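Below are the chains, spelled out letter by letter.
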Amino acid sequence: MKMKEKLEKEKMGNTIPAQNRIIAWPRMGRIDIPLKALLVSLGAKVVIPPPNSNEALEIGVRNSIEGICLPYKLNLANYIMALDKGANTLMMFQAPGSCRLGNYTKMAQKTLKQMGYEFDMVIFDMYKSKMKQTLQAFWHVTRCINPWRYYKGFSLGFNKFFAIDTAERLLFYTRPREIHKGDAEKCYNKWLQIVDETNSVWKAKQLKKQIIKDFKQIPIDKNKDVPIVYLIGEFFVLLDPYTNQNIEKELGDMGVEVQRQIMFGDWLEHVLKPSIFYRKESHRERSVRYAEKYMKRAIGGECIETIGDTVYAAKHGVDGIIHISPFSCMPEIVAQNILPKVSKEEDIPVMSLVLDEQTGKAGYITRIEAFIDLVKRNKLRKK
Amino acid sequence: MLLYTLHENFNRKRKRFYTFNTMTNNLIHKKVGIPRAISYYNNYPFYYGFFKALGIEIILSDKTTTKIINLGTKYVVSETCLPIKVYVGHVVNLLDKGCDVIFIPSIQSTDYKINNCSKIRGLPEIIRNVINRPFTMIEPTLDKTENINFYDFWTETAKAFGITDKNQIKSAINSGWRVYNNFIEMTKSGVSYCEALENAINGKFEKKTVDLVKPLSIAIMAHGYNLFDERISLNLIKKLEKMDVKVYTSLSVTREESLKAIENLGEIQYWANELELTGTAAHYLLNNKVDGIIALSAFGCGPDSLMVDEIAYHCKERNMPLIHLTIDEHTGEAGFITRIEAFIDMLMRKKRKLLDKKHKQTTIQTKSFEEAASIRKSKVLTGSMQ
């Protein structure tokens with residue numbers, strides 16, 4: 001009985017009629033393109049807050065408490081900017097049992113109400129029966145009853161996610177090997193725009209193939225000796241190029257191939273699809289399997305993924321690992337404590353970078369350069 | 001094909017989390033080491049009763065000193081919070097003492113969807129990877145979200161000592177509860193933490209019947225492992241008592257009371273140890289029993305940063321003074337005392353002003369000013385005024 005009341009409390013009241021809703025959500029990397037496609041095809045109006053920048057961070061820092069982690073500050077800034085632009089419904093997912101993420105919406109609501117904004121917040125809980133929760137949240141927001149629109153929206157959204165992921169993977173591969181500098185970046189930006197503009201399901205399904213074809217036309221030096229570096233760590237920091245100060249580009253320009261195991265599309269597929277429908281081993285399951293020697297239980301956040309990926313990388317010939325996390329992130333501190341031992345026993349160089357709002361770019365790049373030098377020398381020695 | 005996928009999925013799910021390590025060596029341990037940190041401070045009476053009933057000797061680590069903190073700091077990353085550093089220090093201390101079986105529980109969640117801080121959940125993982133010495137770790141898991149409940153937790157613990165008899169475990173759990181309940185009853189009546197712990201372990205039961213009235217009363221919201229550790233909290237409770245302040249802690253509030261207080265405040269419990277902090281503060285905030293609230297937290301503590309903020313918001317609304325003290329391994333005692341003293345002085349002045357106003361309203365017509373002042377003075381000093 002108590003549980004029911006609690007769940008009802010968590011769900012927000014329906015004060016704004018569906019046709020007047022203008023929806024916004026916090027930004028994280030390229031998440032806005034597929035989500036926009038989904039919501040627009042369900043017949044909703046959307047507002048996209050401006051991309052994360054120093055200005056946004058300043059707003060976030062001003063209105064949040066001192067001890068909270070960096071992603072919350074940016075999320076809050078996104079909400080404020082979107083509300084200023086005219087949004088009246090905010091969407092956010094929640095995952096209790098992980099870390100402070102479960103408290104984000106609660107705090108943001110309180111802070112925004114204190115600031116005098118009027119809005120509706122729709123939260124969907126990502127703990128078990130996720131597909132049902134997600135559908136409920138979108139129905140709650142749009143009141144759309146046409147199943148064809150749901151099909152269209154979700155397949156558009158998913159295909160766009162996969163297209164962006166593919167483009168990103170190819171970008172990481174091509175960037176260190178390209179002959180004319182900047183080709184890959186240009187191609188990637190071009191495709192992002194095309195992905196954004198696509199609005200039919202059939203075309204969206206073709207995107208992936210077309211992107212692969214287009215990236216293959218970029219002239220590359222195939223025989224170049226390129227060290228491979230895994231990028232692991234906290235979810236938000238990995239996916240948001242502003243927060244990690246575009247570490248992928250920096251590394252690519254240094255002639256390093258970056259591989260990121262956490263891709264939003266992959267993650268979403270495994271989270272949303274009922275487990276009967278996929279036969280592939282998900283990223284999390286693989287991590288649990290590989291991390292068994294060091295960790296026996298999941299402790300929330302992406303800690304177990306971090307450890308599992310490191311072991312996986314060591315066993316598959318990856319040259320180095322860069323671990324990034326926001327300041328005072330609880331699961332990643334545990335991971336940081338475990339990583340030295342993993343690094344020693346599996347014989348793979350690991351560097352931990354902690355990011356906060358005052359991270360200077362110069363010092364950051366010096367550390368990365370030094371690490372890459374180490375990785376390259378290590379690789380030569382092994383030969 | 002479908003059957004194959006189903007089967008595979010089932011296998012994968014079964015293996016997904018919590019593949020418990022079965023004890024491979026057949027050595028039956030007769031001793032167990034418990035580090036004097038984290039869960040010790042809230043649960044030690046229970047641990048004592050349980051292990052005693054099973055006939056297992058408990059070895060405790062020494063009380064926290066600066067040396068132990070420095071010992072722990074050597075092993076972990078500098079960003080880790082103070083309590084975890086202290087915990088690692090205690091484990092090393094136990095190993096130095098020659099105890100090689102250590103009880104390190106992983107308390108994941110205490111109720112459905114109510115989880116602990118990641119660092120407390122991952123205590124065994126940290127210890128396993130940080131300390132490179134051979135020793136046996138007893139690492140049971142309590143996770144009510146994933147249906148691993150209290151009984152399973154203790155069966156797993158007992159299994160490590162070679163005990164699998166159900167009735168024996170049940171009776172041990174009951175004797176654990178007995179000691180724990182005595183302890184809680186005593187602390188609720190106002191007996192201090194150390195005394196209550198000693199009494200509970202020795203099988204004594206003493207209640208405090210006379211309650212001294214003091215001019216000021218303060219509630220402290222803090223984790224047990226921060227507050228009752230004399231080194232970490234820099235003896236905060238004793239310092240306050242010396243200043244003639246009555247101190248209320250989480251031990252003087254029952255579980256039901258704090259749950260109700262959180263609900264009345266319009267909040268939802270999210271953290272497993274929220275009852276100690278938000279619950280206690282909310283209880284005293286709502287019943288107007290105290291003059292101020294002190295929040296004590298370790299630097300960089302994730303849950304605390306949110307909970308203290310939550311209470312600060314409500315305190316502002318209800319005009320309740322609150323001070324947030326942050327501690328880390330470098331906290332100087334002098335600065336700490338100054339801050340507490342300033343806070344107490346401020347509360348004193350505020351209370352005196354309030355009493356002044358009350359007296360002026362009631363006594364101006366009947367008594368002369370001097371008489372009223374003398375009465376006021378004597379009443380403030382003896383503290384009989386509410």
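Residues numbered from 1 in each chain as written. Chains lettered and ligands numbered in written order. Predicted model: local features only at pLDDT ≥ 70, side-chain atom pairs only at ≥ 80, totals over all residues.

**Some remarks on the overall build of chain A**
So, point 1. Scanning chain A for helices and strands turns up 16 helices and eight strands.
So, point 2. The globule rule puts the C-alpha radius of gyration for 383 residues at 21 Å, and the 21 Å found for chain A is close to it.
So, point 3. The dimensions of chain A, computed from C-alpha atoms along their principal axes, are 65 × 45 × 45 Å.
So, point 4. Taking contacts inside chain A between residues at least 6 apart in sequence as the whole, the part at least 24 apart equals 75%. (Helix = DSSP H or I, 4+ residues; strand = E, 2+ residues; numbered from the N terminus. Rg over C-alpha atoms; globule rule 2.2 N^0.38 Å. Contact = placed C-beta atoms within 7 Å.)

**Notes on the overall build of chain B**
So, point 1. Scanning chain B from N- to C-terminus turns up 16 helices and 11 strands.
So, point 2. Expressed as a percentage of its 386 residues, the buried residues of chain B come to 41%.
So, point 3. Taking contacts inside chain B between residues at least 6 apart in sequence as the whole, the part at least 24 apart equals 70%. (Buried ≥ 20, exposed ≤ 12 C-beta atoms within 10 Å, placed from the backbone.)

**Concerning the environment of Leu325 of chain B**
So, point 1. Position of Leu325 of chain B among the secondary structure elements: in strand E11 (residues 322-327).
So, point 2. Taking the C-alpha atoms as reference points, Leu325 of chain B and Ala295 of chain B, separated by 30 residues in sequence, lie 6.0 Å from one another.

**Some points on the pairing of strand E5 (residues 228-233) of chain A**
In the case of a regular strand, side chains alternate between the two sheet surfaces.
All names here are of chain A.
So, point 1. Extensive coverage of E5 is indicated by the burial of five of its six residues.
So, point 2. Alignment of E5 against strand E6 (residues 257-260), held across four bridges, turns out to be parallel. What sits directly across from Tyr230, in E6, is Gln259.
So, point 3. Strand direction decides the pairing type here: E5 and strand E7 (residues 320-326), joined by five bridges, are parallel. Directly across from Ile232, in E7, lies its bridge partner His323. (Pairing = 2+ DSSP bridges.)

**A closer look at the packing of helix H4 (residues 70-84) of chain A against helix H5 (residues 104-114) of chain A**
Residue and element names in this part refer to chain A.
So, point 1. The geometry of H4 relative to H5 is characterised by a closest axis approach of 11 Å and an angle of 45° between their N-to-C directions. Accordingly, the angle class assigned to the pair H4 and H5 is oblique. As H4 packs across H5, the resulting crossing turns out to be right-handed. Every residue of H5 that contacts H4 at Tyr72, Asn75, Leu76 and Tyr79 is listed here: Tyr104, Ala108, Thr111 and Leu112.
So, point 2. In terms of residue class, the contact of H4 with H5 is made up of six nonpolar, two polar and no charged. (Axes fitted to C-alpha atoms, helices over the stretch in contact; angles between N-to-C directions. Parallel < 35°, antiparallel > 145°, perpendicular 65-115°, else oblique. Left-handed = near helix turned anticlockwise from the far one by under 90°. Nonpolar A, V, L, I, M, F, W, Y, C, P; charged D, E, K, R; others polar.)

**Considerations on the environment of Ile247 of chain A**
All names here are of chain A.
So, point 1. Within the secondary structure, Ile247 sits in helix H11 (residues 247-253).
So, point 2. Assessed through the 23 C-beta atoms surrounding it within 10 Å, Ile247 is described here as buried.
So, point 3. With residues up to four places along the chain from it excluded, the contact list for Ile247 reads Leu231 and Ile324.

**Looking at the domain arrangement of chain A**
Residues and elements named next belong to chain A.
So, point 1. Segmenting chain A into domains produces domain 1 (19-143), domain 2 (157-174 + 177-223) and domain 3 (226-383).
So, point 2. The centre of domain 2, based on its C-alpha atoms, is set 23 Å off from the matching centre of domain 3.
So, point 3. Between domain 2 and domain 3, the residue contacts involve six residues of the former and 11 residues of the latter. (Domains from an automatic or database assignment.)

**Points about the interface of chain B and chain A**
So, point 1. With 37 residues of chain B in contact, the opposing surface of chain A contributes 38 residues.
So, point 2. Contributing elements (two or more residues each) for the side of chain B that touches chain A: helix H1 (2-16), strand E4 (106-111), helix H5 (118-121), helix H6 (123-130) and helix H14 (302-318) of chain B.
So, point 3. Among the elements that take part in the side of chain B that touches chain A, H1 of chain B stands out by supplying six residues, more than any other.
So, point 4. Considered class by class, the residues forming the side of chain B that touches chain A number 12 nonpolar, 16 polar and nine charged.

**Examining the sheet that holds E4 of chain B**
Residues and elements named next belong to chain B.
So, point 1. The strand order E5-E4-E7 describes an open sheet built from three strands, whose pairing is mixed. Bordering the open sheet on either side are strand E5 (114-115) and strand E7 (141-143), each of which pairs with just one other strand.
So, point 2. As paired elements, E4 and E7 share three bridges and run parallel to each other. Residue pairing for E7: Ile107 is matched across the bridge by Leu142.

**Focus: unusual backbone geometry**
All names here are of chain B.
So, point 1. In this structure, Leu234 is a non-glycine residue whose phi angle is positive, near 55°.
So, point 2. Checked against the element boundaries, Leu234 lands in the loop between helix H10 (224-227) and helix H11 (236-242).
So, point 3. Leu234 gets classed as partly exposed once you count the C-beta atoms within 10 Å, which come to 18.
So, point 4. Although it is not a glycine, Asn235 sits at a positive phi angle of roughly 60°.
So, point 5. Using a count of 15 C-beta atoms within 10 Å as the deciding quantity, one classes Asn235 as partly exposed.

**Things to note about the sheet that holds E6 of chain A**
All names here are of chain A.
So, point 1. If you walk across this open sheet you meet the four strands as E6-E5-E7-E8, and the pairing is parallel. Two strands lie at the open edges of the sheet, namely E6 and strand E8 (350-355), each paired on one side alone. Between one strand and the next, the sheet's axes are offset by a mean angle of 25°, whatever the strand orientation.
So, point 2. Strand contacts of helix H16 (residues 361-382): E5, E7 and E8, with the helix running at about 155° to E7, the strand carrying the most contacts.

**So, the domain arrangement of chain B**
All names here are of chain B.
So, point 1. Along its sequence, chain B is carved into domain 1 (28-185) and domain 2 (212-356).
So, point 2. Here the C-alpha centre of domain 2 lies 27 Å away from the C-alpha centre of domain 1.
So, point 3. The partner domain 2 presents 21 residues to the 21 residues of domain 1 that form the contact.
So, point 4. Split into classes, the residues belonging to the side of domain 1 that touches domain 2 amount to 11 nonpolar, eight polar and two charged.

**Here we look at the packing of helix H7 (residues 147-174) of chain A against helix H12 (residues 264-272) of chain A**
Residue and element names in this part refer to chain A.
So, point 1. Two numbers describe how H7 lies on H12: the axes approach to 8 Å, and their chain directions differ by 140°. When H7 is examined against H12, the residues Phe161, Phe162 and Asp165 are found in contact with a partner set consisting of Phe264, Gly265, Asp266 and Leu268.
So, point 2. For the contact of H7 with H12, the residue count by class is four nonpolar, one polar and two charged.

**Overview of the environment of Ile80 of chain A**
All names here are of chain A.
So, point 1. Turning to its location among the elements, Ile80 is positioned in helix H4.
So, point 2. Sequence spacing of Ile80 and Ala298 is 218 residues, and the spatial spacing of their C-alpha atoms is 34 Å.
So, point 3. Residues in contact with Ile80, not counting those within four places in the same chain, are Ile59 and Asn63.

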